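Chain residues, written in single-letter form:
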Amino acid sequence: MINNKSVLCLIPARSGSKGLPGKNIRPLGGKPLLAWPILAALGTCCVDSIVVSTDSEHFASIAREYGASTPFIRPAELAKDNTSSIQVVEHALKWLSDHGQRFDNILLLEPTSPLTESSDIENALTALEKRRTQADAIVGVSLLETSHPSFSMTIDEQGLIRPAFPELFSSGRRQDLSHCYKLDGSLYASDTEVLLRRKSFYHERTMGHAMPKWKSFEIDDLVDFYCVESLLTNKTAILEHLSLKGPCA
């Protein structure tokens, strides 16, 4: 709980990944990908229940092995390529509510963002709770650096580059540009009633929780996986480097 309000952590993990088959249980650092968000949630002092929503009995058994509950198997029609996260959340919340379990807040963690840590979860939920009069949700974001919108281009029919956003285009130094952030998928949290009413974590009352660059990687394909694997292997060196650069790194 946080401020006497209950928190459900929901982890979606379908079995039919196309970009990287078996992605959600692929071993990373000695553990299946699915285990990372479970352990991160278990390491907090504010999550009351951890539920994995999966269409696979095999995935469910792995989730239980690492400490999550799997009270239902997600229907096949909600485990397709075009199934939205909100549909998965709505299904889980309805199932739990029908079985007498209701939560004030919902936290969504995805196995594809395994670098999210317990401290990130606690900091985000605490920040949201402190701003309840201004905000109902919080999502992970990370600073755009080399991929700043001012440098985005399109390629025309002649193969020539054109600014994707002419009003923002700049050929100057990226250090001189205003800060711009991207949604990084590291975490999502919301007041449950608001989420069900708005059907989105993103709206005018959503806060951004800034994540460091090295934690903002999402795994969609094999290249992403190897990038994250390398980050974990070199985590100590990365943290030492960042400590030397200071808190704004």
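Above this text sits the structure in question.
Fair warning: this is a prediction, and the values are worked out from it, not measured in the lab.

Draft legend 1. Here's a closer look at the packing of aromatic side chains. Within this structure, the stated rule accounts for four aromatic pairs. Look at Phe-72 and Trp-95: their rings are 5.4 Å apart centre to centre, the planes differ by 45°, and that puts the pair in the tilted class. Here Phe-72, found in the loop between α2 (57-65) and α3 (85-98), pairs with Trp-95, found in helix α3; they are 23 residues apart in sequence, far enough to count as distant. On the basis of relative accessible area, Phe-72 is assigned to the buried category, the value being 6%. Taking relative accessible area as the criterion, Trp-95 reaches 23% and is therefore assigned partly exposed. For the pair Tyr-188 and Tyr-202, a centre-to-centre distance of 6.3 Å together with 65° between the ring planes defines the contact as edge-to-face. One end of the pair, Tyr-188, is in strand β9 (residues 181-191); the other, Tyr-202, is in the loop between α5 (192-198) and β10 (206-211), with 14 residues separating them in the sequence.

Draft legend 2. Representation of the side chain of Thr-44 within the structure. Among the structural elements, Thr-44 can be located in the loop between α1 (35-42) and β4 (49-53). Given a relative accessible area of 12%, Thr-44 falls into the buried group. Within the structure, Thr-44 has its side chain in polar contact with the backbone oxygen of Ala-41 (distance 2.9 Å). Sequence-distant contacts of Thr-44, that is, excluding residues within four places in its chain, are made with Ser-118, Ile-121 and Glu-122.

Draft legend 3. Main features of the nonpolar core. Residues Cys-9, Ile-11, Leu-34, Val-52, Leu-107 and Leu-109 are the most contacted members of the largest nonpolar core, which totals 28 residues. Going through the elements one at a time, β1 (7-12), α1, β4, α2, α4 (118-130) and β9 are the ones with two or more residues in this core. Setting aside anything within four residues of it in sequence, one finds Ile-11 in contact with Leu-34, Pro-37, Ile-38, Ile-50, Val-51, Val-52, Ser-53, Leu-109 and Pro-111. Counting 17 residues, the second-largest nonpolar core is a separate cluster that includes Ile-86, Ile-106, Leu-108 and Leu-195.

Draft legend 4. Quick look at the layout of surface pockets. Its volume calculated, the second largest pocket comes out at about 410 Å³. Along the walls of the second largest pocket sit 21 residues, with Pro-12, Arg-14, Lys-23, Ser-85 and Glu-110 positioned nearest its centre. Residues that form the lining of the second largest pocket fall into these classes: seven nonpolar, six polar and eight charged.

Draft legend 5. Spatial organisation of unusual backbone geometry. Residue Asn-3 is not a glycine yet carries a positive backbone phi of 55°. Relative to the assigned elements, Asn-3 resides in the segment before β1. Take Asn-3: its relative accessible area is 54%, and that puts it in the exposed class. Although it is not a glycine, Asn-4 adopts a positive phi angle of roughly 65°.

Draft legend 6. The arrangement of a nonpolar patch on the surface in detail. Nonpolar side chains collect at one region of the surface, where Met-153, Ile-155 and Ile-161 lie side by side and expose about 310 Å² of accessible area between them. Mapped onto the elements of the fold, Ile-161 is located in strand β8 (residues 161-163). We classify Ile-161 as exposed; its relative accessible area is 54%.

What counts, and at which threshold
Residues numbered from 1 in each chain as written. Predicted model: local features only at pLDDT ≥ 70, side-chain atom pairs only at ≥ 80, totals over all residues. Heavy atoms only, no water. Phe/Tyr/Trp six-rings, centres within 6.5 Å; stacked < 30°, edge-to-face > 60°. Helix = DSSP H or I, 4+ residues; strand = E, 2+ residues; numbered from the N terminus. Buried < 20%, exposed > 50% of the residue type's maximum accessible area, 1.4 Å probe, protein only. Polar contact = N/O pair within 3.5 Å; in protein donor to acceptor, adjacent residues only side chain to side chain. Contact = heavy atoms within 4.5 Å. Core = buried A, V, L, I, M, F, W, Y, C linked by side-chain atoms within 4.5 Å. 1 Å grid on protein atoms, 1.4 Å probe; cavity = no way out; pocket = protein on both sides within 12 Å on 5 of 7 lines; lining within 4 Å. Points joined across faces, edges and corners; volume = space filled by probe spheres on them. Nonpolar A, V, L, I, M, F, W, Y, C, P; charged D, E, K, R; others polar. Patch = residues over 30% accessible without salt bridge, like charges linked within 9 Å, V, L, I, M, F, W, Y side chains within 5 Å. Areas by Shrake-Rupley, 256 points an atom, 1.4 Å probe, with all protein chains shown as cover. Salt bridge = Lys/Arg side-chain N within 4 Å of Asp/Glu carboxyl O.

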